Amino acid sequence: AMACSLFYVGGLAAQEVKASGANMFVPEIVETFTLSDGTKVNRTKSNGFIVADDPSNPLRQASMTCTGTMVESKDGKPIRSAGTCDTVDAQGDVAFYWWRYDEKNGGKWGFLGGTGKWTAVEGGGTWEPTPGFKDGRQSNNWKGTWKAK
């Protein structure tokens, strides 16, 4: 829904950051309804955290809350979804994101700014869902590029 350190954004102001990792979360379906063609719509809220591959990445272990709407085929396969997330990193700075997924193009995400080091960040990347856990928890793998302005 990010590898170089952004802890010193003033010194890295125009440096491009390339990163990857996983998001771990617990989804909660808050509303479900069926469209006239039989597809199912789930509105969800998910809470979790980010696992960045680089231990120095300030997004590593940032808490995360996401909301979104997902459309599934009659047999439960994802067709399209979109939503927003926010994270709070170890320094207390908040980053905002958009995300989307569709069956043809996969998952995409991007920054929407934030506070502190994330105030003027621009960039984003891709994500892919991974098989869910038997207890209902989910994860996805992400990679991306961004710059703090």
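Description of the structure in this document.

What counts, and at which threshold
- Residues numbered from 1 in each chain as written.
- Predicted model: local features only at pLDDT ≥ 70, side-chain atom pairs only at ≥ 80, totals over all residues.
- Heavy atoms only, no water.
- Disulfide = S-S within 2.5 Å.
- Helix = DSSP H or I, 4+ residues; strand = E, 2+ residues; numbered from the N terminus.
- Buried < 20%, exposed > 50% of the residue type's maximum accessible area, 1.4 Å probe, protein only.
- Pairing = 2+ DSSP bridges.
- Axes fitted to C-alpha atoms, helices over the stretch in contact; angles between N-to-C directions.
- Core = buried A, V, L, I, M, F, W, Y, C linked by side-chain atoms within 4.5 Å.
- Phe/Tyr/Trp six-rings, centres within 6.5 Å; stacked < 30°, edge-to-face > 60°.

1. Details of the state of the cysteines
Here, the word disulfide means a covalent bond between the sulfur atoms of two cysteines. Scanning all chains against the criterion turns up one disulfide. Two residues share a disulfide in this structure: Cys66 and Cys85, whose sulfurs sit 2.0 Å from each other. Negative torsions about the S-S bond denote left-handed disulfides, and the value of about 110 degrees found for Cys66 with Cys85 makes this one right-handed. With Cys66 in strand β3 (residues 63-72) and Cys85 in strand β4 (residues 78-88), the pair connects residues that are 19 residues apart, well separated along the chain.

2. Notes on unusual backbone geometry
Positive phi values are uncommon outside glycine, yet Gln61 reaches one of about 65 degrees. Take Gln61: it is sitting in the loop between β2 (40-52) and β3. Since its relative accessible area comes to 62%, Gln61 is described here as exposed.

3. A look at the pairing of β3
Sheet topology note: the β2/β3 ladder contains ten bridges and is antiparallel. Residue pairing in the sheet places Thr44 in a bridge with Gly68 of β3. For β3 and β4, the ladder comprises ten bridges, and the chain directions are antiparallel. Within the sheet, the bridge partner assigned to Thr67 lies in β4 and is Thr84. Taken together, β3 and the strand that follows it, β4, pair antiparallel across an intervening segment of five residues, in which Gly76 is found at a positive phi of about 85 degrees.

4. Overview of the sheet that holds strand β8 (residues 138-148)
Taken in spatial order, the eight strands close into a barrel running β1-β2-β3-β4-β5-β6-β7-β8, and their pairing is antiparallel. Neighbour to neighbour, the strand axes of the sheet diverge by 25 degrees on average, direction disregarded.

5. Things to note about the nonpolar core
Residues Tyr97, Trp109, Phe111 and Trp146 are the most contacted members of the largest nonpolar core, which totals 20 residues. Secondary-structure elements contributing two or more residues to this core are β1 (16-34), β2, β3, β5 (94-102), β6 (106-114), β7 (121-129) and β8. Counting residues per element, this core draws most heavily on β5, which supplies four residues.

6. Describing the pairing of β8
Judged from the ten bridges that link them, β1 and β8 form a sheet pairing that is antiparallel. In the sheet register, Ala22 faces β8, and the bridge partner there is Asn141.

7. Here we look at the packing of aromatic side chains
The geometry of an aromatic ring pair is captured by two quantities: the separation of the ring centres and the angle between the planes. Per the counting criterion, the structure on display carries nine aromatic pairs. Between Tyr97 and Phe111, the aromatic rings sit 5.0 Å apart at their centres with planes inclined by 40 degrees, giving tilted as the arrangement. One end of the pair, Tyr97, is in strand β5; the other, Phe111, is in strand β6, and 14 residues separate them in sequence. A relative accessible area of 1% places Tyr97 in the buried class. Its relative accessible area of 8% is what places Phe111 among the buried residues. Seen in terms of ring centroids, Tyr101 and Trp127 are 5.5 Å apart; in terms of plane orientation they differ by 45 degrees. Their pairing is tilted.

Nothing here speaks to function; it is geometry throughout.
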